[in-house]
Amino acid sequence: MRARSPALGDMEELRRSYSRLCKESGAEPQEAVLRQLHQPQQGRLDLAGHSLTVDTCRALGKLLQNQTVWTELVLSDCMLSEEGATMLLQGLSANTVMRLLDLKGNNLRAAGAEALGKLLRQNQSIQSLTLEWNNLGTWEEAFTTFCRGLAANSTLRQLDLRNNQISHKGAEELALALQGNATLQQLDLRWNNIGLLGGRSLVNCLPSNRTLWRLDLAGNNVPGDILRAVEQAMDHNQDQHTAFQENQVRTHILSREVQHLQKEKSKQFVDLMETIDKQREEMAKSSRAVAVRMGQLQEALNERQSIIKSLKAKLQMTEAALALSDQKAQDLGELLATTQQEHRLRQQEAAEQESKLLRDLSATNEKNLLLQNQVDELERKVKSQQEHLFLTRQELTHTSAELKMRTVQAEERLDMEKRRARQSLEDSEKLHFKEVECITRHLEESQKAMQERVHRLETLRLSLEEELSCVKAAALSQRGQAEEELMKVRNQARLEEQQHLAHMEEKLQLLARARDEAQSVCTQQKQMMADAQVRASQLRLQVEGQQRRLEELQQELSSKDQEKVAEVSRVRVELQEQIGRLQAELAGQEALREKVAALERQLKVIANDHRGALLDKESENASLREKLRLKEAEIARIRDEEAQRASFLQNAILTYVQGSSLRSLSPPK
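Rules used in this analysis
Residues numbered from 1 in each chain as written. Predicted model: local features only at pLDDT ≥ 70, side-chain atom pairs only at ≥ 80, totals over all residues. Heavy atoms only, no water. Helix = DSSP H or I, 4+ residues; strand = E, 2+ residues; numbered from the N terminus. Buried < 20%, exposed > 50% of the residue type's maximum accessible area, 1.4 Å probe, protein only. Contact = heavy atoms within 4.5 Å. Areas by Shrake-Rupley, 256 points an atom, 1.4 Å probe, with all protein chains shown as cover. Lys, Arg positive; Asp, Glu negative; His and termini not counted. Charge placed at Lys NZ, Arg CZ, Asp CG, Glu CD. Phe/Tyr/Trp six-rings, centres within 6.5 Å; stacked < 30°, edge-to-face > 60°. Lys NZ or Arg CZ within 6 Å of the ring centre and 35° of its normal. Patch = residues over 30% accessible without salt bridge, like charges linked within 9 Å, V, L, I, M, F, W, Y side chains within 5 Å. Salt bridge = Lys/Arg side-chain N within 4 Å of Asp/Glu carboxyl O. Disulfide = S-S within 2.5 Å. Core = buried A, V, L, I, M, F, W, Y, C linked by side-chain atoms within 4.5 Å. Axes fitted to C-alpha atoms, helices over the stretch in contact; angles between N-to-C directions. Parallel < 35°, antiparallel > 145°, perpendicular 65-115°, else oblique. Left-handed = near helix turned anticlockwise from the far one by under 90°. Nonpolar A, V, L, I, M, F, W, Y, C, P; charged D, E, K, R; others polar. Pairing = 2+ DSSP bridges. Polar contact = N/O pair within 3.5 Å; in protein donor to acceptor, adjacent residues only side chain to side chain. Expected span 1.5 Å × (residues − 1).

- The protein appears in an unreviewed UniProt entry as Leucine rich repeat containing 45 from Chinchilla lanigera.

And the structure:
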């Protein structure tokens with residue numbers, strides 16, 4: 001309860017401000033809006049299906065200017081008027097936290113399109129905008145303003161413009177907007193009137209836009225070659241986007257590995273320096289102890305020398321003390337022997353310490369070699385991981401392309417089912433309207449009887465509320481079933497996609513066979529033309545013979561001249577019909593040749609696009625190889641620096657050890 005109190009307090013404040021704004025404008029607050037404000041959802045205000053008045057839109061527009069609670073606003077099928085939509089969009093222009101805006105099915109027109117253009121130009125937070133089932137494309141000037149706002153926007157990622165009556169001119173304006181926009185990634189233009197010209201303008205703008213990786217043009221009477229060109233451009237942009245993300249991830253991983261290696265090297269270097277400092281401190285302590293001991297011995301020797309001098313003086317003075325002086329000399333010799341033995345032991349200890357230091361240096365060298373081997377192994381692992389990432393990226397591109405096609409088909413099927421459902425709803429609404437009229441007439445006739453049944457209806461209302469709760473629970477279960485059916489439909493779409501690919505391959509084979517058959521038919525028709533010409537020449541000879549016979553038998557066959565003329569005319573008509581048929585067949589052959597040439601041109605265009613894509617991939621691979629080479633050079637440089645530092649430390653330690661050994665071996669003055 002303590003965690004939810006700030007959200008409830010914010011919602012209560014929003015309810016009070018909404019009521020206050022409605023009262024200031026002289027209108028009553030709508031109960032539907034108050035219920036939605038009373039049910040706090042996590043950053044979402046859902047008013048779908050509620051008819052909002054102009055006063056409510058004015059109050060919500062003022063309320064949305066400075067609010068920071070909602071990041072998603074759903075106003076689908078709210079029957080917004082032009083004035084109400086304009087006020088709402090003006091309030092959203094100053095909002096800085098809204099991420100999603102859904103205006104589906106509000107029949108927005110010229111004023112709404114202009115307000116949307118101003119919103120896109122001024123707002124810097126909305127990332128998803130749904131405008132399905134509106135009429136934005138009907139008014140060209142207003143849609144031009146909307147497209148200019150889209151070109152100036154820098155935050156929108158997803159835009160849904162399905163069923164908006166967008167013509168080829170509107171598509172041209174959208175193409176200009178896409179050339180200036182650098183953030184839009186998904187654009188849905190299905191079920192509009194873009195046509196051939198609009199499709200061409202969109203295809204022409206795609207080379208200058210590298211961020212758009214999804215563009216849906218189904219149901220726009222766009223030719224198949226333009227759709228394929230759009231799909232190729234989208235695949236290219238998506239490949240570039242995925243490659244850019246993979247490169248960023250790869251560079252981040254490599255930088256982290258290099259930083260980790262540098263940290264390990266620095267730790268090892270610090271440990272080595274600490275061990276060297278400890279050894280230096282121990283050697284300094286031992287040298288100080290040796291110096292103190294040598295000073296003590298030197299003092300003892302000085303004292304002994306003074307004693308010897310005094311003894312010599314006493315020997316000169318008296319011979320009686322000679323035995324005592326000899327005994328003292330022997331004691332001094334023993335002391336000197338012990339001091340020499342101690343000095344030899346100190347020298348042995350110093351030699352042992354020197355050997356220990358040399359062994360430590362060899363161990364550090366071995367550690368450096370092991371670290372170098374580990375760095376080489378890490379480099380080999382990085383190369384193998386890069387190859388594995390390249391193979392996985394190729395697999396992901398293939399699978400993403402297949403999933404795109406399947407999702408598009410699934411969405412089209414869902415749209416068809418939605419339209420069918422809407423048609424059924426409209427039919428049911430019509431039937432419901434007729435039934436309501438009949439019921440109203442019946443109610444007018446039986447008004448007195450209904451007054452007596454008020455109490456019964458109240459009990460029925462309670463039962464209906466219980467049934468409504470049951471229906472809601474059933475609707476939730478149906479929703480789960482619908483999601484399961486959607487998964488089944490997706491799987492079926494995948495299977496149908498595979499079958500469609502096999503069917504397309506069979507069609508290509510059939511087209512090749514048809515081309516071969518057409519060529520054989522052409523040869524046969526050429527032979528038929530030659531035969532027809534031979535027949536025509538023979539008929540001409542026959543006509544000439546008949547004319548000679550007619551000249552010889554003009555007097556005898558005057559009664560049969562008309563029949564002969566009729567036969568000749570009939571033969572000419574048949575010949576003309578045969579010639580016309582042959583000409584039609586020749587025209588069909590020329591059309592087939594043109595189709596074959598068009599197919600060859602399409603194949604050339606596809607081959608050129610494929611070559612361009614391969615060149616782009618090769619350039620990307622070259623840049624990645626150059627980056628790897630630079631990273632390897634940097635690692636080699638770091639390795640050389642570490643080797644130089646180790647050699648410097650080794651030389652310093654050797655010079656220090658040699659100097660200390662020389663000082664320890666030098667005789668006292």
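So, the overall build of the protein
Line of reasoning, step 1. Counting secondary structure elements, the protein contains 13 helices and seven strands.
Line of reasoning, step 2. Seen along its three principal axes, the alpha-carbon backbone of the protein occupies a region of about 200 × 105 × 45 Å.
Line of reasoning, step 3. Evaluated residue by residue, the protein yields a buried proportion of 26% over its 669 residues.
Line of reasoning, step 4. Within the protein, contacts between residues at least 6 apart in sequence are counted, and of these 84% link residues at least 24 apart.
Line of reasoning, step 5. Accessible surface, the protein: about 45200 Å² in total, of which carbon and sulfur atoms supply 54%.
Line of reasoning, step 6. One finds the centroid of the 95 positive side-chain charges in the protein at a distance of 4 Å from the centroid of its 101 negative side-chain charges.

Details of the packing of aromatic side chains
Line of reasoning, step 1. Under the criterion given, the structure shown has one aromatic pair.
Line of reasoning, step 2. The lysine or arginine in question, Arg419, covers the ring of Trp191, its NZ or CZ lying 4.5 Å from the ring centre.

Overview of a negative patch on the surface
Line of reasoning, step 1. On the surface, Asp271, Glu274, Asp277, Glu281 and Glu282 cluster together into a negatively charged patch.
Line of reasoning, step 2. Mapped onto the elements, Glu281 comes out in helix α9 (residues 224–317).

Topic: the state of the cysteines
Line of reasoning, step 1. Counting across every chain of the model gives zero disulfides.
Line of reasoning, step 2. No disulfide involves Cys205; its sulfur sits 11 Å from that of Cys147, the nearest cysteine.
Line of reasoning, step 3. With a relative accessible area of 0%, Cys205 lands in the buried category.

Concerning the nonpolar core
When a protein is soluble and globular, its nonpolar side chains tend to lie buried together.
Line of reasoning, step 1. Counting 67 residues, the largest nonpolar core has Leu159, Leu161 and Leu189 as its most contacted members.
Line of reasoning, step 2. What Leu189 contacts, discounting residues up to four positions off in sequence, is Leu161, Ile166, Leu174, Ile194, Leu202, Leu215, Asp216, Leu217, Ala218 and Asn220.
Line of reasoning, step 3. In this structure, Met283, Leu357, Leu361 and Val657 belong to the second largest nonpolar core, which totals seven residues.

A short note on the packing of helix α5 (residues 110–122) against helix α6 (residues 140–152)
Working note: a packed helix pair is described by the angle between its axes plus the distance between those axes.
Line of reasoning, step 1. Running from N to C, α5 and α6 cross one another at 15 degrees; their axes reach a closest spacing of 7 Å. Overall, the two elements α5 and α6 adopt an arrangement that is roughly parallel. As α5 runs across α6, the sense of the crossing is left-handed. Between α5, through Ala110, Ala113, Glu114, Leu116, Gly117, Leu120 and Arg121, and α6, the contact on the second element is made entirely by Ala142, Phe143, Thr145, Phe146, Arg148, Gly149, Leu150 and Ala152.
Line of reasoning, step 2. Within the contact of α5 with α6, the residues separate by chemical class into nine nonpolar, three polar and three charged.

Examining unusual backbone geometry
Line of reasoning, step 1. Notably, Asp77 is not glycine yet its phi reads approximately 55 degrees, a positive angle.
Line of reasoning, step 2. Summarising the element assignment, Asp77 is placed in the loop between β2 (72–74) and α4 (82–93).
Line of reasoning, step 3. One non-glycine residue, Asn163, lies in positive phi territory at about 55 degrees.

Quick notes on the packing of helix α7 (residues 168–180) against helix α8 (residues 195–205)
Line of reasoning, step 1. Contact geometry of α7 with α8 gives a least axis separation of 8 Å together with a crossing angle of 5 degrees. By the angle class used here, α7 and α8 are roughly parallel. Where α7 abuts α8, its residues His168, Ala171, Glu172, Ala175, Leu178 and Gln179 lie against Leu197, Gly198, Ser201, Leu202 and Cys205.
Line of reasoning, step 2. Counted by class, the contact of α7 with α8 contains six nonpolar, four polar and one charged residues.

Focus on the sheet that holds β2
Line of reasoning, step 1. Across the sheet, seven strands lie side by side as β1-β2-β3-β4-β5-β6-β7; this open sheet has parallel pairing. Looking at strand neighbours, the two that pair on one side only are β1 (44–46) and β7 (214–216), the edges of this open sheet. Neighbouring strand axes in the sheet, compared pairwise and without regard to direction, differ in orientation by 0 degrees on average.
Line of reasoning, step 2. In this structure, strand β4 (residues 128–130) lies alongside strand β5 (residues 158–160), joined through three bridges in parallel fashion. When the sheet's bridge partners are listed, Thr130 is paired in β5 with Asp160.

Brief notes about the side chain of Gln30
Line of reasoning, step 1. By the element assignment, Gln30 lies in the loop between α1 (5–24) and α2 (31–38).
Line of reasoning, step 2. Here Gln30 falls in the buried class, since its relative accessible area comes to 17%.
Line of reasoning, step 3. There is a polar contact of 2.9 Å between the side chain of Gln30 and the backbone oxygen of Ser51.
Line of reasoning, step 4. If near-sequence neighbours (up to four positions away) are discounted, Gln30 is found in contact with Tyr18, Ser51, Leu52, Thr53 and Thr56.

Points about the environment of Gln650
Line of reasoning, step 1. Among the structural elements, Gln650 can be located in helix α13 (residues 561–665).
Line of reasoning, step 2. Spatially, the C-alpha atoms of Gln650 and Leu361 are 7.0 Å apart, while their sequence positions differ by 289 residues.
Line of reasoning, step 3. Those residues in contact with Gln650 that sit more than four places away from it in its chain are Leu361 and Asn365.

Things to note about the side chain of Asn181
Line of reasoning, step 1. Position of Asn181 among the secondary structure elements: in the loop between α7 and β6 (186–188).
Line of reasoning, step 2. A relative accessible area of 3% places Asn181 in the buried class.
Line of reasoning, step 3. Within the structure, Asn181 has its side chain in polar contact with the backbone nitrogen of Leu184 (distance 2.8 Å).
Line of reasoning, step 4. Sequence-distant contacts of Asn181, defined by excluding residues within four places in its chain, comprise Leu150, Ala151, Asn153 and Asn209.

Remarks on α5
Line of reasoning, step 1. For α5, with 13 residues, the first-to-last C-alpha span of 19 Å sits near the 18 Å given by 1.5 Å per residue.
Line of reasoning, step 2. If you check which residues of α5 are buried, you get Gly112, Ala113, Ala115, Leu116, Gly117, Leu119 and Leu120.
Line of reasoning, step 3. On its buried side, α5 packs onto α4, β3 (100–102), β4 and α6.

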